Amino acid sequence: MDKRELIEKINKLKKEKNAIVLAHTYQNLEIDEVADFSGDSLYLSRQAANTDADIIVFAGVYFMAETAKILSPDKTVLLPNLSAGCAMADKINAQQLREFKAKHPDVPVVCYVNSTAEVKAESDVCCTSANAINVVKSLNAKEVLFVPDQHLGAYAESQLDGVKVITYPGYCPVHHAISPVDITEKKKLYPCAKVMVHPECPAEVTKMADFVGSTTAIIKAVKESDAKEFIIVTEKGVVERLERDCPDKKFVLINEKAVCDTMKLLHLQDILNALENNCYEINVDAQIAKKALKSIDRMISINA
Ligand code: 13P
Ligand code: SF4
């Protein structure tokens, strides 16, 4: 089947089944052609919470589909490929979080949305890369535990006065591998380029940025900027979307390894398969979901 036929079939099935497709910014670009909403984790969580659709097809990774199911328990949530996991979310489980909390009793826990439902259930509030600073600030605490991303936690601390953010040693392998040398080298080639960095990168990298923000925030900042060249310091999907949307500007990916393999598992054929066969349905244990929802709802009520 060619691309046009696939898109037509998917759109027809979406109508018949009252389904929507949510697509993360790191997805293969072709997925955007059938997506009802595309963007960062925070934006997609909000869409999942507010939709009237009966079926949500999540073009993203497991924790995103799980979060959508927790927010919309009466809807069918489909993840088209069950191998689409997140290496950062796998860095901590509920038992490891309980042990971390035991070392720091009475300190509130912020968990990055890139985590399992059971970790969210053990946390006080969730955050995404778009609102981590505001979420930490909203706790009005002197000390905060932050899991699983050491870099996002450290970045939030660096932007706030008087809060100690105690981080768990987790990280995203894609962003963790980016070094200041990568930026220096690209800057030699493109000295006028603005450096746009995702806060999952190490502190030495965020310190060299002209702008730090979530994937959606980076795209918005580029579109609003008068600059013509940008070094994009996050996953390749952001560069592909910017090249599509801003043909008059030049974008340079920080390095060719900045690709999240699990985000790239999905193609149009997988979306069609998900809709045709109702697969793969994501469910969350009711007790865990109830507790995790508190952390997610608390985040959603805080203005990003
Ligand atoms: P955002 O969607 O918050 O930009 O985060 C990127 C990411 O790594 C999602 O897994
Ligand atoms: Fe997880 Fe990193 Fe991939 Fe995002 S880019 S889904 S944090 S492994």
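Before reading further, recall that the structure is shown in the block above.
Residues numbered from 1 in each chain as written. Chains lettered and ligands numbered in written order. Predicted model: local features only at pLDDT ≥ 70, side-chain atom pairs only at ≥ 80, totals over all residues. Heavy atoms only, no water.

Some remarks on unusual backbone geometry
Consideration 1: Along the chain, valine 147 connects to proline 148 via a cis peptide bond; the corresponding omega equals -15 degrees.
Consideration 2: Looking at where proline 148 falls in the secondary structure, it is placed in the loop between β7 (143-147) and α7 (150-158).
Consideration 3: A cis geometry characterises the amide bond from cysteine 279 onward to tyrosine 280, with omega recorded as -5 degrees.
Consideration 4: Positive phi, close to 65 degrees, is recorded for aspartate 106, a residue that is not glycine.
Consideration 5: Here aspartate 106 is to be found in the loop between α4 (94-103) and β5 (109-112).
Consideration 6: Here aspartate 106 falls in the exposed class, since its relative accessible area comes to 81%. (Helix = DSSP H or I, 4+ residues; strand = E, 2+ residues; numbered from the N terminus. Buried < 20%, exposed > 50% of the residue type's maximum accessible area, 1.4 Å probe, protein only.)

What about the sheet that holds strand β11 (residues 229-233)?
What holds strands together in a sheet is hydrogen bonding between their backbones, with the strands either parallel or antiparallel.
Consideration 1: Strand order in the open sheet formed by four strands is β10-β9-β11-β12, with parallel pairing between adjacent strands. Bordering the open sheet on either side are β10 (211-212) and β12 (250-253), each of which pairs with just one other strand.
Consideration 2: The pairing of strand β9 (residues 194-197) with β10 spans two bridges and is classified as parallel. The partner of valine 197 across the bridge, within β10, is valine 212.
Consideration 3: With respect to the sheet, helix α11 (residues 215-224) is in contact with β9, β10, β11 and β12, its orientation differing from that of β9 by roughly 160 degrees.
Consideration 4: Seen against the sheet, helix α12 (residues 236-245) touches β11 and β12 and runs at an angle of roughly 170 degrees to β12. (Pairing = 2+ DSSP bridges. Contact = heavy atoms within 4.5 Å. Axes fitted to C-alpha atoms, helices over the stretch in contact; angles between N-to-C directions.)

Focus: helix α13 (residues 268-277)
Consideration 1: Turning to α13, its buried residues are Leu268, Ile271, Leu272, Ala274 and Leu275. Down the axis, α13 shows its buried residues gathered within 160 degrees of arc, on one side only.
Consideration 2: Buried positions along α13 lie against α1 (3-17), β1 (19-24), β3 (55-59) and β4 (76-78).
Consideration 3: Just downstream of α13 lies asparagine 278, where phi reads positive at about 50 degrees. (Arc of directions from axis to C-beta.)

A look at the side chain of threonine 51
Consideration 1: Looking at where threonine 51 falls in the secondary structure, it is placed in the loop between α2 (41-50) and β3.
Consideration 2: In this view, threonine 51 contacts Ile20, Ile56 and Lys75; residues no more than four positions away in its chain are not counted.

Describing the pattern of salt bridges
Any two side chains of opposite charge can pair, given that their charged atoms come close.
Consideration 1: Inspection of the entire model under this criterion finds 13 salt bridges.
Consideration 2: Here lysine 164 and glutamate 143 are joined by a salt bridge, their closest N and O atoms 4.0 Å apart. Taken as a pair, lysine 164 in strand β8 (residues 164-167) and glutamate 143 in strand β7 lie far apart in primary sequence, 21 residues in all.
Consideration 3: Accessibility expressed as a relative area gives 47% for lysine 164, which makes it partly exposed.
Consideration 4: Exposure remark for glutamate 143: the relative accessible area of 34% places this residue in the partly exposed category.
Consideration 5: Each of Asp32, Lys223, Arg241, Arg244 and Asp245 takes part in one network of salt bridges that share partners. (Salt bridge = Lys/Arg side-chain N within 4 Å of Asp/Glu carboxyl O.)

Comments concerning the site of ligand 2
Consideration 1: Near ligand 2 the following residues occur: Tyr26, Val61, Cys86, Ala87, Met88, Asn114, Cys172, Glu200, Cys260 and Met263.
Consideration 2: Taken together, the residues that form the shell around ligand 2 break down as eight nonpolar, one polar and one charged. (Near = heavy atom within 4 Å. Nonpolar A, V, L, I, M, F, W, Y, C, P; charged D, E, K, R; others polar.)

Some words on the packing of helix α3 (residues 62-71) against helix α14 (residues 286-300)
Consideration 1: Put simply, α3 and α14 touch, their axes get as near as 9 Å, and they point 95 degrees apart. With respect to their mutual orientation, α3 and α14 come out roughly perpendicular. The segment α3 lies against α14, with Thr67, Ile70 and Leu71 engaging Ala289, Ala292, Leu293, Ile296, Asp297 and Ile300.
Consideration 2: Split by residue class, the contact of α3 with α14 holds seven nonpolar, one polar and one charged. (Parallel < 35°, antiparallel > 145°, perpendicular 65-115°, else oblique.)

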